[in-house]
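Breakdown of the fold
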Amino acid sequence: MEEIKNKEKLDKFVESYFGIYYGDDFWDFLNPRSRRKHRRYLVEKYGKEIIDKWRALSRSLHKEKVDDIDFDDFVYQHGLSDDIIPKVVNRTKVTLHGLLARISKNDGYFTAVDLGSGDGRIATGLALYLDNLEKIYAVEENRYAIQKAKVEVDKLGNSEKQKVNERVNYVLGDFLTNETHEKLIEKEPEGFDFVIAANVPSCLEAIPVFTKITKPNGTILVAASQEVCEHGAPCVAGSFLNLNNERGEKHGVEFKVFGYAPYGYDSIMLILEGRRFS
């Protein structure tokens, strides 16, 4: 990762913003004791009926007997996205840290869009930390995820809540569709200064979208979790970069590696920075 502006301040903010620490053994889901401990924690927080239903849906999802959308609806409706999988929460935490490290290098006022914003952790965090952020649009196709994002904002203090509500606009829709592109272009006809795609499964499919909604001199940030192979993180980062540039070349986008950071035992959070060249 490149040198971070005000690193101590950034570190403190991210730790405070998430406020979650499970203990190292919570991350080791290969350990039966850790899994049992995590289940007890979930039952105590959410109730046995909710957790049993979530586990049944999880099994059905793995057997392809239930749709991803139904599973996501249940998770967001019951607020489970905060802790059902500690590694995913940590992934979001590391992602926000990396995005803030890059975007905080920008001195002027700017607009941003978060494609596939989920429960709004990233968009809300950016709005709270970056004083020069004018507006960020959080695009999410799951209405329950947007509801969850708004519930979490309501838990903030009055000044923080006002800050987020003034800066974050929620857009319900699939960011890969023309209908959603039109909504975004209507809101920002000149495009966005920063276009963010963090941990979305359709990352490569999103590349043509970038050219439609990014300002000519704007910045594209792609954050993706990658498992580290025997050749190490630099090799993984290089392979992912090449894959995105092969696709990006066809659509007028060129990427470089901004940085990466480890999380969990075997993964890195990789951030690519892209620019339009046509």
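Small disclaimer: the values here were computed from a predicted structure and weren't measured.

**A few points about the nonpolar core**
- In this structure, Phe13, Leu96, Leu100, Ile103, Leu126, Leu130 and Leu133 are the most contacted members of the largest nonpolar core, which totals 37 residues.
- By residue number, the principal contributor to this core is helix α5 (residues 86-103), which donates seven residues.
- When sequence neighbours within four positions are dropped, the list of residues in contact with Ile103 reads Phe110, Leu126, Leu130, Phe194, Ile196 and Leu221.
- Counting 27 residues, the second largest nonpolar core, distinct from the first, contains Ala197, Ile220, Ala237 and Leu241.

**Description of the packing of helix α4 (residues 68-77) against helix α7 (residues 143-154)**
- One can describe the packing of α4 onto α7 by two numbers: an axis separation of 8 Å at closest approach and a directional angle of 15°. One way to sum up the angle between α4 and α7 is to call them roughly parallel. Crossing angle aside, the handedness with which α4 passes α7 is left-handed. On α7, the residues touching Asp73, Tyr76 and Gln77 of α4 are Tyr144, Ala145 and Lys148.
- Across the contact of α4 with α7, the residue classes tally to three nonpolar, one polar and two charged.

**Considerations on the packing of aromatic side chains**
- Going through the model one piece at a time under the given rule, you end up with five aromatic pairs.
- For the pair Phe13 and Tyr17, a centre-to-centre distance of 5.6 Å together with 10° between the ring planes defines the contact as stacked. Linking Phe13 with Tyr17, this pair stays in helix α1 (residues 7-18), spanning four residues, or about one helical turn. The exposure classification of Phe13 matches that of Tyr17, with both residues buried.
- Here the aromatic rings of Phe110 and Phe194 are separated by 5.2 Å at their centres, their planes lie at 70°, and the arrangement is edge-to-face. Placement of Phe110 in strand β1 (residues 110-115) and of Phe194 in strand β4 (residues 192-198) is noted, with a sequence separation of 84 residues between them.
- Judged by relative accessible area, which is 3%, Phe194 ranks as buried.
- Taken together, Phe13, Tyr17, Phe18 and Tyr129 form an aromatic cluster joined through their ring pairs.
- Here the guanidinium or amino end of Lys9 rests over the ring plane of Tyr129, the centre of that ring lying 5.3 Å away.

**What to know about the pattern of salt bridges**
- In the structure shown here, the tally under the stated rule is 10 salt bridges.
- Glu152 is the salt-bridge partner of Lys155, the closest N and O atoms lying 3.1 Å from each other.
- According to the relative accessible area criterion, Glu152 is partly exposed, its value standing at 24%.
- Among the ionic pairs, Asp193 bridges to Lys215, the shortest N-O distance being 3.2 Å. Of the two residues, Asp193 is situated in strand β4 and Lys215 in strand β5 (residues 214-227); the sequence distance between them amounts to 22 residues. Comparing Asp193 with Lys215 shows no difference in burial state: the two are buried.
- One salt-bridge network, in which partners are shared between bridges, spans Arg39, Lys48 and Asp52.

**Here's the deal with a positive patch on the surface**
- A cluster of basic residues, Arg55, Arg59, Lys63 and Lys65, forms a positive patch on the protein surface.
- If you trace the backbone, Arg59 turns up in helix α3 (residues 48-62).

**A look at the packing of helix α2 (residues 32-46) against α3**
- One can describe the packing of α2 onto α3 by two numbers: an axis separation of 7 Å at closest approach and a directional angle of 125°. As judged from the angle between their axes, α2 and α3 are oblique. Contacts between α2 and α3 involve Arg39, Leu42, Val43 and Tyr46 from the former and Lys48, Ile50, Ile51, Asp52, Trp54 and Arg55 from the latter.
- Tallied by class, the residues present in the contact of α2 with α3 amount to six nonpolar, no polar and four charged.

**Concerning the environment of Lys212**
- Its place among the elements puts Lys212 in helix α10 (residues 203-213).
- Each C-alpha atom of the pair Lys212 and Leu156 lies 34 Å from the other, and the pair is 56 residues apart in sequence.
- For Lys212, the contacting residues outside a window of four places in its chain are Asn178, His181 and Ile185.
- For Lys212, the side chain forms a polar contact with the side chain of Asn178, separated by 3.5 Å.

**Structural notes on the side chain of Thr111**
- Mapped onto the secondary structure, Thr111 falls in strand β1.
- Among residues more than four places away in sequence, those in contact with Thr111 are Glu134, Lys135, Glu188, Gly191, Phe192, Asp193 and Phe194.

**Description of the pairing of strand β6 (residues 253-263)**
- In this structure, β6 lies alongside strand β7 (residues 267-276), joined through 10 bridges in antiparallel fashion. By the bridge assignment, Tyr260 is partnered in β7 with Leu270.
- Between β6 and β7, which pair antiparallel and follow one another directly, the connecting turn spans three residues, one of which, Gly264, has a positive phi of 65°.

Cut-offs used in this document
- Residues numbered from 1 in each chain as written.
- Predicted model: local features only at pLDDT ≥ 70, side-chain atom pairs only at ≥ 80, totals over all residues.
- Heavy atoms only, no water.
- Core = buried A, V, L, I, M, F, W, Y, C linked by side-chain atoms within 4.5 Å.
- Buried < 20%, exposed > 50% of the residue type's maximum accessible area, 1.4 Å probe, protein only.
- Helix = DSSP H or I, 4+ residues; strand = E, 2+ residues; numbered from the N terminus.
- Contact = heavy atoms within 4.5 Å.
- Axes fitted to C-alpha atoms, helices over the stretch in contact; angles between N-to-C directions.
- Parallel < 35°, antiparallel > 145°, perpendicular 65-115°, else oblique.
- Left-handed = near helix turned anticlockwise from the far one by under 90°.
- Nonpolar A, V, L, I, M, F, W, Y, C, P; charged D, E, K, R; others polar.
- Phe/Tyr/Trp six-rings, centres within 6.5 Å; stacked < 30°, edge-to-face > 60°.
- Lys NZ or Arg CZ within 6 Å of the ring centre and 35° of its normal.
- Salt bridge = Lys/Arg side-chain N within 4 Å of Asp/Glu carboxyl O.
- Patch = residues over 30% accessible without salt bridge, like charges linked within 9 Å, V, L, I, M, F, W, Y side chains within 5 Å.
- Areas by Shrake-Rupley, 256 points an atom, 1.4 Å probe, with all protein chains shown as cover.
- Lys, Arg positive; Asp, Glu negative; His and termini not counted.
- Charge placed at Lys NZ, Arg CZ, Asp CG, Glu CD.
- Polar contact = N/O pair within 3.5 Å; in protein donor to acceptor, adjacent residues only side chain to side chain.
- Pairing = 2+ DSSP bridges.

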